[in-house]
Structure formats: C-alpha cells, structure tokens
Amino acid sequence: MESTLPDAFRARFPLLARRVYVNSCSQGALSLDVEAALAAFTESWHEHGSPWDQWVAEVERLRAVFAAAVGADLDEIAVMPSASAAIGAIATALAFDAARRQVVIGEFEFPTLAHIWLAQQRRGASIVWARAVDDTLTIDEYAARIDERTLVVPVTHVCFRNGYRLDVPRLAALCRERGAYMLLDDYQRTGTAPLNVHALGVDFMVTGTLKYLLGPSGVAFLYVRRALVERLEPLVTGWFGRADPFAFALQPLDWSSSARRFESGTPPVPNVYAATAGIALLQSVGFDAVERQVSRLVSRFVDGALARGFDVATPADPVRRGPLAVVRATDAAELVRRLAARGVIASARGTGLRASFHAYNNDADVDVILDALDAEATLVRRA
Ligand SMILES: Cc1ncc(COP(=O)(O)O)c(C=O)c1O
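Residues numbered from 1 in each chain as written. Predicted model: local features only at pLDDT ≥ 70, side-chain atom pairs only at ≥ 80, totals over all residues. Heavy atoms only, no water.

1. Here's the deal with the environment of alanine 333
Definition in use: Helix and strand definitions here come from DSSP, where helices need a minimum of 4 consecutive H or I residues and strands a minimum of 2 consecutive E residues; each element is numbered from the N-terminal end. Working definition: with a 1.4 Å probe on protein chains only, accessible area under 20% of the residue-type maximum means buried, over 50% means exposed, and in between means partly exposed.
Within the secondary structure, alanine 333 is located in helix H12 (residues 332–341). The class of alanine 333 is partly exposed, set by a relative accessible area of 37%.

Next comes the structure, spelled out in structure tokens:
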C-alpha cells in the first residue's frame, strides 16, 4: 500500500522532489509552511523594528500549541533553547541529599544527558549505570538499579544510536513505586506519534523542534508535572524566569508560579515562529495518521533489510521501535557518503547507518534505500 497520507502533505517539502530524505532523526525536512513562518518573522522585523509584544505573544502561542499537542497544561511547559538547557534546569533544581542522591542512567542515552548528570557529581550526585545487553536495555536492568537511594532516572524513549524504544509507562510506574523521579527524553519520538505526558506518568519530559516536529534548531521544551513546578528552583536562571519579567526589577528573585520559572533569557523568536508552523503542519494531518505511516515505513525497511540478511540493530518487535532504524555497516560514514551520491540522505552513528522515517516519506523511499544498500552491499554487514 502506498502512502496513506495525502500527496499534498508530501508536496509541502520541496527537498523530497530531489532527494530521498531519511534523516529526520537529525533534522526534519524544511516545509513551505515553516519557510513562510520564517518570512513572517522577518517581515514583522522589517515592518515594525521591535514588535516585542507581538513576539512574546508568539512564544505564548507556541507554548499553548505544544502543550495541547502533548496533553500538558499550559503552566507545565517551559520554552527552552535546547534539550540540554531543559535537562540542566531540572538537574540543577534537584537536591542530592544523603538519603537520595543516585541518578540511574542507561547506556542508550544521548551523550548530553550523561554529561549533565555527571556534572552534578560536584553537587553530590552519585551515578549508577543501567547496562545494555547487545541492543536491548531491559526494564529488569533498571529495576535492579532503582531503589530507595535513587533520586532521578533520566531515560530516552527511542535510542538515537539503534532505534530501541523503551517501555516508558512501565518504567514510570516502577520509578513512582520506588519514590524516584523520572525524566523522559522524547526527542527521538515527539512528532511521530500521539503523545500524552499525563498518561505516560513521567515527572519531567524534554524534547525539541528540529527533528520530527519539523522546526529549526533553537527551540526545545520542558514539561514539569504540575505538582513539582513550584517545588523546584533551577541554579541557572534569568529575567524570563521571574513572576513578571517586564517589571524589570533587580529584586526580589521571585519565581514564576508556572514552568516558565525554568526559562532564563530572551526567547529565540525567529525559531519560535518556525516551530509553531512545524507543529501546526503535523496537526493538520493528525498524529494518529503520522504514527500509522511511520510505523508502516519502519516495518517495510526493517523487514526488507532482514530479508536481505543485513545486520539490523533495531528490534524486530515493532512495539520496541520508534521512527528510526539502523543497519550495521563495515564503514558507516563511507556508506552514508555513497548513499548521498545516489540521492539518499541518511546518517551514521558508530557502526550504524540510520534511516529515520516521517510522515512525508513513502514506500518508494524505502525501496530506493533498500536498492541503494543492495548496490553498496560490500559496505553492509551481514547478520
Ligand atoms: C535523544 C536526544 N536527546 C537530546 C539531543 C540533544 O538535544 P540539544 O542539542 O537540543 O541539547 C539529541 C540530539 O540529537 C537527541 O537525539
């Protein structure tokens, strides 16, 4: 079956007329809608010089659009410049005391997440590693590490390196039962499926716009469960974290009563315009339809790769997969270059060739990649 989404959606992305684009795990393709939103920003700048009221209103519009998209309340969302800044705001707001100071970190995390918690060792954090076996990081492994000494468990929903998808609701329930906070890094999944943070049961979530939310770099989001917001004060702050930034008061250090308290400086306004347009474009087709399309394409790719005897790092079980699938290569960087010469844009991490799918991809894209891998088979590892 061909694409279940209207061709009109795919046509919003001019790049797709020229390339097979399967690198949304790094940067989503540019749509006409996001391009127009960037132009609207420059137009507002040309026309009015410094329309700050309008620009701040755009930030609030983005906050509302994102909150609605992930089932959060408005005052649970902070608009941040990067996922790293969002994780850092939470890490520096937590107290590592004698009773609970352990951070359980899985080996499938994006490096920034490890770095931020490792840096907290100076503030008393103690790091405990949850180890992967081959391409799997089980809940049992987490269960063996999380106990009454665990303060927080930061976890990635979909691993950037092999596409393994963690059972988030199960781990969230385990964390709750043992009194530990859970911070979800959803960057490799947000935008490819419906998402309801309250239903997931996580305490914190970070994600951003440049991958599957189809926006540019420079905008990320932090979700903080309502009951926790007013208990936390980050060590990195600034005027946008105040109760009223536009009071321009040096004192007191009053904290916004909402998750805005985790923000610090002037928001990235051009990126905010673009980010809102990216999310709105996805909402125009609906996240259910996006998920159906993405999971069908990932299955087509993984099944095709397995049928050829390729060494696939991504789980065979569709439930344990996200939008990203990985085939091992003898030289992944060279394979990426060779695919690029054939008009296929993918990426490499370690020994893995990553192909990530979005709603704008179709069956023909998958077949082109598999044909290209056949043609470059000397660089592809066999199972
Ligand atoms: C899972 C995951 N988390 C975090 C990041 C980094 O986000 P940022 O650069 O916004 O800090 C990435 C980037 O690729 C990622 O894949």
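2. A look at unusual backbone geometry
Both trends apply: most residues other than glycine have a negative phi, and most peptide bonds are in trans. The omega angle of the peptide bond from glutamine 251 to proline 252 is -5°, so this bond is cis rather than trans. Tracing the chain through its elements places proline 252 in the loop between helix H9 (226–229) and helix H10 (269–285). Non-glycine residue aspartate 134 carries a positive phi angle of around 55°. Looking at where aspartate 134 falls in the secondary structure, it is placed in the loop between strand S4 (126–130) and helix H6 (139–145). A relative accessible area of 70% places aspartate 134 in the exposed class. Of note, phenylalanine 248 is a non-glycine position whose phi angle comes to about 50°, a positive value. By the element assignment, phenylalanine 248 lies in the loop between H9 and H10.

3. Considering empty space enclosed by the protein
Counted only if it meets this: In this analysis, the protein atoms alone were mapped onto a 1 Å grid. Cavities are point sets where a 1.4 Å probe fits without being able to get out; pockets are open sets with protein on both sides within 12 Å along at least five of seven lines; lining residues have an atom within 4 Å of a point. Grid points are joined across faces, edges and corners, and a volume is the space filled by probe spheres set on the points. Ten residues, namely Ala, Val, Leu, Ile, Met, Phe, Trp, Tyr, Cys and Pro, are considered nonpolar, four, namely Asp, Glu, Lys and Arg, are considered charged, and the remaining ones, Gly among them, are considered polar.
Taken as a whole, this structure holds two cavities of 30 Å³ or more when the rule is applied. Within this model, the largest cavity holds a volume of roughly 70 Å³. Forming the walls of the largest cavity are Phe66, Ala69, Val70, Thr190, Gly191, Ala193, Pro194, Leu195, Leu213, Ile279 and Phe287. The element that contributes the greatest number of residues to the lining of the largest cavity is helix H3 (residues 52–70), accounting for three residues. Here the lining of the largest cavity is built from residues that sort into nine nonpolar, two polar and no charged. There is about 40 Å³ of room inside the second largest cavity. When its residues are assigned to classes, the lining of the second largest cavity shows six nonpolar, one polar and one charged.

4. Considerations on the site of the ligand
Worth spelling out the cut-off: We define proximity as follows: a residue is near a molecule or strand when any one of its heavy atoms falls within 4 Å of that partner. Any N or O atom pair separated by 3.5 Å or less is treated as a polar contact, with the protein-specific requirement of one donor-capable and one acceptor-capable atom, and with residues adjacent in sequence counted only for side-chain atom pairs. To be clear on the numbers: accessible area is Shrake-Rupley with a 1.4 Å probe, and residue cover counts the displayed protein chains and nothing else. Placement in a cavity or pocket follows one criterion, namely that more than half of the molecule's atoms lie within 2 Å of its grid points.
The environment of the ligand is formed by Ser82, Ala83, Ser84, Phe110, Thr156, Phe160, Asp185, Tyr187, Gln188 and Lys211. Contacts to the ligand include alanine 83, whose backbone N or O atom sits 2.8 Å from an oxygen atom. One of the side-chain N or O atoms of lysine 211 is found 2.6 Å from an oxygen atom in the ligand. Protein burial of the ligand: of its 400 Å² of free accessible surface, 82% is covered by the chains. Here the ligand is seated within the largest pocket. Residues that form the shell around the ligand fall into these classes: four nonpolar, four polar and two charged.

5. Digging into the domain arrangement of the protein chain
Interface extent is often summarised as the accessible area lost during association of the parts. The following threshold applies: An automatic or database domain assignment provides the domain bounds reported here. A contact between two residues is defined here by any heavy atoms of the two lying within 4.5 Å. As used here, buried area is the combined drop in accessible area, with a 1.4 Å probe, of two parts when they are placed together.
You can read the domains of the protein chain as domain 1 (7–31 + 286–379) and domain 2 (34–282). Between domain 1 and domain 2, the C-alpha centre-to-centre distance is 27 Å. With 34 residues of domain 1 at the interface, the matching set in domain 2 holds 29 residues. Summed over both partners, the interface of domain 1 with domain 2 comes to about 2600 Å²; 56% of that surface belongs to carbon and sulfur atoms. For domain 1, the biggest contributors to the area lost against domain 2 are Ser31, Phe287 and Arg320; these three give 25% of the whole.

6. Some points on the nonpolar core
Here is the rule we go by: What we call a nonpolar core is a set of buried Ala, Val, Leu, Ile, Met, Phe, Trp, Tyr and Cys residues that are connected through their side-chain atoms within 4.5 Å.
Tyr142, Leu171 and Phe301 are the most contacted members of the largest nonpolar core, which totals 87 residues. The element that contributes the greatest number of residues to this core is helix H11 (residues 287–307), accounting for nine residues. Formed by 30 residues, the second largest nonpolar core is a distinct cluster that contains Ala89, Ala93, Leu113 and Phe204.

7. Examining a nonpolar patch on the surface
Let me state the cut-off plainly: For patch building, the residue pool is restricted to those with more than 30% relative accessible area and no salt bridge; the joining distance is 9 Å between like charges and 5 Å between nonpolar side chains (Val, Leu, Ile, Met, Phe, Trp, Tyr). Any Lys or Arg side-chain nitrogen found within 4 Å of a carboxyl oxygen on Asp or Glu counts as a salt bridge.
Side chains of Trp239, Phe246 and Phe248 sit close together on the surface and give an oily, nonpolar patch of about 340 Å² of accessible area. Note on placement: phenylalanine 246 falls in the loop between H9 and H10.

8. Describing the pattern of salt bridges
Applying the stated rule across the entire model yields 23 salt bridges. In this structure, aspartate 367 and arginine 300 form a salt bridge, with 2.8 Å as the shortest nitrogen-oxygen distance. Here aspartate 367 is found in helix H13 (residues 363–375), whereas its partner arginine 300 is found in helix H11, with 67 residues between them in sequence. Judged by its relative accessible area of 29%, aspartate 367 falls in the partly exposed class. Judged by relative accessible area, which is 32%, arginine 300 ranks as partly exposed. A salt bridge links arginine 338 to glutamate 376; the shortest N-O distance between them is 2.7 Å. Note that arginine 338 is positioned in helix H12 and glutamate 376 in the segment after H13, a separation of 38 residues in sequence. Judged by relative accessible area, arginine 338 falls into the partly exposed class, the value being 31%. Of the residues examined, glutamate 376 reaches a relative accessible area of 8% and is grouped as buried. What you see here is one network of salt bridges that share partners, running through Glu334, Arg337, Arg338, Arg342 and Glu376.

9. Re the sheet that holds strand S3 (residues 102–106)
Note the following rule: Paired strands are those between which DSSP finds at least two bridges. For helices, the fitted line uses only the C-alpha atoms of the stretch in contact; every axis is such a line through C-alpha atoms, and the angle between N-to-C directions lies from 0 to 180 degrees.
Overall, mixed pairing links the seven strands, which are arranged S2-S8-S7-S6-S5-S3-S4 in an open sheet. Each having just a single partner strand, strand S2 (77–80) and S4 make up the two edges of the open sheet. Direction aside, neighbouring strands of the sheet carry axes that sit 20° apart on average. Alignment of S3 against S4, held across five bridges, turns out to be parallel. If you follow isoleucine 105 over to S4, its bridge partner there is tryptophan 129. Relative to strand S6 (residues 181–185), helix H7 (residues 168–177) is tilted by about 155°, and along the sheet it contacts strand S5 (150–156) and S6.

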